[in-house]
Amino acid sequence: MSLQKKTDSGITIQTLYTNKDIQEIAENISAELPGKFPFTRGIQANMYRGKLWTMRQYSGFSTAEESNKRYHYLLAQGVSGLSVAFDLPTQIGYDSDHSLAEGEVGKVGVAINSLEDMEQLFAGISLEKVSTSMTINATGFILLALYVALAKKQGADLSKISGTIQNDILKEYAARGTYIYPPQPSMRIITDIFEWCAKELPKWNTISISGYHIREAGSTAVQEIAFTLSNGKAYVQAAINKGLDINVFGKRLSFFFNAHNNLFEEVAKFRAARRMWATIMQSLGATDEKAMMLRFHTQTGGSTLTAQQPINNISRVTLQTVAAVLGGTQSLHTNGYDEALSLPTEEAARTALRTQQIVAFESGIADTVDPLAGSYFVESLTEEIEKKAWELIQQIDAMGGSVAAIETGFIQNEIAKSAYKYQQEIESGEKIIVGVNQFIQAEDTPIPGFKIDDNIRLIQINKLTRLKENRNTAEVARCLSNIEKAAIENLNLMPFVIEAVEHYCTLGEIADSLRKVFGEFK
């Protein structure tokens, strides 16, 4: 075994750390307090002593009715916020009856075609009383419009509605692929959301700038925060260019990070990211400290889960949960142990939630703020990660920012190189994955998977047929025409899209209206 140890980002780890390793930064460390700029130690003075992180289990599959049953189950088990997964057709702007939707309806998330589906998805759930996160990007503005239309139907006060849409299109081009329109009109839609929500939906987080999928695509921890914060800078600059106030919209920005198995690197990553974002926002003109705070949701690492010996994944998820909490997350989703095989069963989802609850109420980790602060190792690692991430951000800035770096393929290539290197290390045995390349069992005990009925598409098509027979077709045509005109005339799209969904225009029809104006990104 090699005597030299490195983190997953290639940072060399010394055998021993002493006070000499933090002498140059000792003064900064001693001065830093939680709740104070630059927020290395957390964004609240008392962190989890005041309020625990939101336990938000990501769920959505099949039809709206089936997902609604799972949401009620999770709420009964003690989740404190909902997190909605959408199927691929919904994510890329196709109704369930589109030819390209075949084989994908309801498979990796819930199928949402119209306000009717949204009504069924949240049946019996008061939107005023629950915080909802929606993992949706290219069609995020349509799902937000559907959520707002439903809240209005419930008689809710929009000023009390809270939640988040992911709405981070840049990482789709870089790492994930569920984009529709080219980068410039996509950025315009995002700033329309910022502008509308600032006036109409003040408690809504208008974007969740996502490092999660960058990491899942194979980046290192350093690349995850460098690319994510660079994307964040691009969104902020686009909003400033639109004339929006950074001290207003800056408070509604949130982030979404991954938690992997290298415990101390992950904790240091979260601490470094907070410090860096505060510095970035200050440099862009923010003067309100609340607009400089990096608030983030964490999900445990899907790509770390193994199909071999899947029960071992409970241990991995526990490690990752500890990393997220020690790192100061504001909300957390824990993956099910069976997710390398299928969507999580109820048992796996419950076990994942119980993992969070055990860490919260039995471990003592949440009893004091930033318990690893002052650790020679953690402080050194925080500094090293920050230094390497700044170097990458400076490279991206020199290219003209994230949009340019994505258009030239720089970010995609850097992620691909890291993913390739990591896989080589696994195949050579340099990187040990328990149950995969070491400690292998001849036979695994089969675990029953969660299967989605292939008839879901037919159910959705029948619902769409009935919907189109019963709605006012003249109003539908008028609303869709208005969306096209608003896009051409550079008006804020949100009021027109909300009106359209209230008249039961479908997600696919709205997305197609804008395809006519903006085209598609190839």
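Just so we're clear, the structure is a prediction, and the values are computed from it rather than from any experiment.

S.K.: What's the story with the overall build of the chain in this structure? I'm lost.
M.R.: Looking only at helices and strands, one finds 20 helices and eleven strands in the chain. Since a compact globule built from 522 residues should have a radius of gyration of about 24 Å, the 23 Å found for the chain is in line with a globular shape. For the C-alpha atoms alone, the extent of the chain along its principal axes is close to 75 × 60 × 45 Å. The buried share of the chain, reckoned over its 522 residues, is 57%. Considering only contacts in the chain between residues 6 or more positions apart, those separated by 24 or more positions represent 78%. Split by element, the accessible area of the chain, about 21200 Å² in all, is 51% carbon and sulfur. Between the averaged position of the 50 positive side-chain charges in the chain and that of its 60 negative side-chain charges there is a distance of 3 Å.

S.K.: Is there a simple way to think about the packing of helix H9 (residues 221-241) against helix H11 (residues 263-283) in this case?
M.R.: Packed helix pairs are specified by the crossing angle of their axes together with the interaxial distance, meaning the distance between the axes. The geometry of H9 relative to H11 is characterised by a closest axis approach of 10 Å and an angle of 25 degrees between their N-to-C directions. Judged by the inter-axis angle, H9 sits roughly parallel to H11. Handedness of the crossing formed by H9 with H11: right-handed. For the pair formed by H9 and H11, the contact residues are Ala221, Glu224, Ile225, Leu229, Gly232, Lys233 and Val236 on the first element and Glu265, Glu266, Lys269, Ala272, Ala273, Met276, Trp277, Ile280 and Met281 on the second. Taken together, the residues that form the contact of H9 with H11 break down as ten nonpolar, one polar and five charged.

S.K.: Got a minute to help me understand the sheet that holds strand E11 (residues 331-333) in this structure?
M.R.: Across a sheet, strands are paired by hydrogen bonds formed along the backbone, either parallel or antiparallel in direction. Here nine strands make up an open sheet; going across it, the order is E7-E6-E5-E4-E3-E11-E10-E9-E8 and the pairing parallel. Where the open sheet ends on each side, the last strands, each with one partner, are strand E7 (204-205) and strand E8 (207-210). Bridge count between E8 and strand E9 (residues 253-259): four bridges; the pairing is parallel. Its bridge partner being in E9, Ser208 is matched across the sheet by Ser254. Helix H12 (residues 312-326) rests against E9, strand E10 (296-300) and E11 of the sheet, and its axis sits at about 165 degrees to E10.

S.K.: Could you clarify how one ought to interpret the packing of H11 against helix H14 (residues 376-399) in this entry?
M.R.: For the pair H11 and H14, the least separation of the axes is 8 Å and the interaxial angle reads 55 degrees. The orientation of H11 relative to H14 falls into the category oblique. As H11 runs across H14, the sense of the crossing is right-handed. Along the contact surface, H11 presents Phe264, Glu265, Val267, Ala268, Lys269, Arg271, Ala272, Arg275, Met276, Thr279 and Ile280, while H14 presents Phe377, Val378, Glu379, Leu381, Thr382, Glu383, Ile385, Glu386, Ala389, Trp390 and Ile393. For the contact of H11 with H14, the class distribution of residues is 13 nonpolar, two polar and seven charged.

S.K.: Sorry if this is basic, but what is going on with the environment of Thr445 here?
M.R.: Structurally, Thr445 can be placed in the loop between helix H16 (410-428) and helix H17 (456-470). Under the relative-accessibility criterion, Thr445 is labelled exposed at 64%. Along the primary structure Thr445 and Ser96 are separated by 349 residues, whereas in three dimensions their C-alpha atoms are 36 Å apart.

S.K.: Please clarify how H11 should be interpreted in this entry.
M.R.: Because an α-helix packs 3.6 residues into every turn, residues spaced three or four apart end up facing the same way. Between its terminal C-alpha atoms H11 stretches 31 Å, which fits the 30 Å expected from 21 residues at 1.5 Å a residue. Trailing H11 by a residue or two, Gly285 shows a phi angle of about 115 degrees, which is positive.

S.K.: Is there a simple way to explain the pairing of strand E4 (residues 81-85) in this structure?
M.R.: For a regular strand, side-chain orientation follows a simple rule: the groups alternate between the two sheet faces. The element E4 is largely enclosed, with a buried count of five among its five residues. Side chains of E4 alternate between two faces, with Gly81, Ser83 and Ala85 and Leu82 and Val84 buried alike. Sheet topology note: the strand E3 (residues 54-59)/E4 ladder contains four bridges and is parallel. From the neighbouring strand, Arg56 faces E4, where its bridge partner is Gly81. Considered for its hand, the β-α-β crossover made up of E3, helix H2 (residues 64-77) and E4 is right-handed.

What counts as what
Residues numbered from 1 in each chain as written. Predicted model: local features only at pLDDT ≥ 70, side-chain atom pairs only at ≥ 80, totals over all residues. Heavy atoms only, no water. Helix = DSSP H or I, 4+ residues; strand = E, 2+ residues; numbered from the N terminus. Rg over C-alpha atoms; globule rule 2.2 N^0.38 Å. Buried < 20%, exposed > 50% of the residue type's maximum accessible area, 1.4 Å probe, protein only. Contact = heavy atoms within 4.5 Å. Areas by Shrake-Rupley, 256 points an atom, 1.4 Å probe, with all protein chains shown as cover. Lys, Arg positive; Asp, Glu negative; His and termini not counted. Charge placed at Lys NZ, Arg CZ, Asp CG, Glu CD. Axes fitted to C-alpha atoms, helices over the stretch in contact; angles between N-to-C directions. Parallel < 35°, antiparallel > 145°, perpendicular 65-115°, else oblique. Left-handed = near helix turned anticlockwise from the far one by under 90°. Nonpolar A, V, L, I, M, F, W, Y, C, P; charged D, E, K, R; others polar. Pairing = 2+ DSSP bridges. Expected span 1.5 Å × (residues − 1). Right-handed = clockwise from strand over helix to strand, strands pointing away.

Treat this as a map of the structure, not an account of what it does.
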